[in-house]
Amino acid sequence: MKKVLIGIALVALAGCAVDSTGLRPEHLMRPEHLRTERNLPMTFPEIQMALFKHEAKCGTAPYFRVKEGETGYATITEPGAQDMPWNQTIIFDLMWLQPTLRYESRTRVYVYSFYSNADIKQRIDAVFNAILHPEYCPGEPIPADAEDGE
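Residues numbered from 1 in each chain as written. Predicted model: local features only at pLDDT ≥ 70, side-chain atom pairs only at ≥ 80, totals over all residues. Heavy atoms only, no water.

### Considerations on the environment of C137
So, step 1. Structurally, C137 can be placed in the segment after α4 (118-132).
So, step 2. On the accessibility criterion, C137 (14% relative accessible area) is buried.
So, step 3. Taking the C-alpha atoms as reference points, C137 and E55, 82 residues apart in sequence, are found 9.1 Å from one another. (Helix = DSSP H or I, 4+ residues; strand = E, 2+ residues; numbered from the N terminus. Buried < 20%, exposed > 50% of the residue type's maximum accessible area, 1.4 Å probe, protein only.)

### Here we look at the environment of P138
So, step 1. For P138, the location among the structural elements is in the segment after α4.
So, step 2. For P138, a relative accessible area of 64% corresponds to the exposed category.
So, step 3. Residues P138 and D125, 13 residues apart in the sequence, show an inter-C-alpha distance of 9.9 Å.
So, step 4. Ignoring anything within four residues of it in the chain, the contact list for P138 reads H54 and C58. (Contact = heavy atoms within 4.5 Å.)

### A look at the pairing of strand β5 (residues 106-113)
So, step 1. Within β5, seven of the eight residues are buried, which leaves it mostly tucked inside the rest of the structure.
So, step 2. Sheet analysis places strand β1 (residues 34-40) next to β5, joined by six bridges and oriented antiparallel. In the sheet register, R38 faces β5, and the bridge partner there is V109.
So, step 3. Sheet analysis places strand β4 (residues 90-97) next to β5, joined by eight bridges and oriented antiparallel. Among the inter-strand pairings, L94 is bridged to a residue of β5, identified as V109. (Pairing = 2+ DSSP bridges.)

### Thoughts on the sheet that holds strand β3 (residues 73-77)
So, step 1. Spatially, β1-β5-β4-β3-β2 is the arrangement adopted by the five strands of the open sheet, whose pairing is antiparallel. Edge positions in the sheet fall to β1 and β2 (63-66), since each has one partner strand and no second. Taking each pair of neighbouring strands and ignoring which way they run, the sheet shows an average axis angle of 20°.
So, step 2. Contacting β1, β3, β4 and β5, α4 crosses the sheet at an angle of about 15° to β1. (Axes fitted to C-alpha atoms, helices over the stretch in contact; angles between N-to-C directions.)

### A closer look at the pairing of β4
So, step 1. Of all eight residues in β4, six are buried; the element is thus mostly enclosed.
So, step 2. In this structure, β3 lies alongside β4, joined through five bridges in antiparallel fashion. Opposite Y73, over in β4, you have M95 as the bridge partner.

Any link to function would need more than the numbers given here.
Structure below.
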């Protein structure tokens, strides 16, 4: 009887990590869901400072989280992503790249989403704008001289 109860408890706990669609974050972070990739000329602390500045100016900002036990890896999600089903979430997977003779420290960003349409592209651009242009809130035009050179 004890084994049956333990088995039921394990199944119930495993179900907590899955949303109502049966999807998990690792289902999203696959090559077929890669929407864009980009190098940012910033370190993790610089990215975090930009997001703090954006939140102070605009009231909300994307959520930055270093992966547990991995100081060179992090993720960014949109504000309110914890309330979205995984099939509607966009994940920004970050990897810090060490400086070399040719390049200063930078961060490689891979962006994953189940969908690829104009709305997703706009949401992706909004997160990059919050990082690269934290002084501009969503909906505000970014002057051409402030645009990033990607």
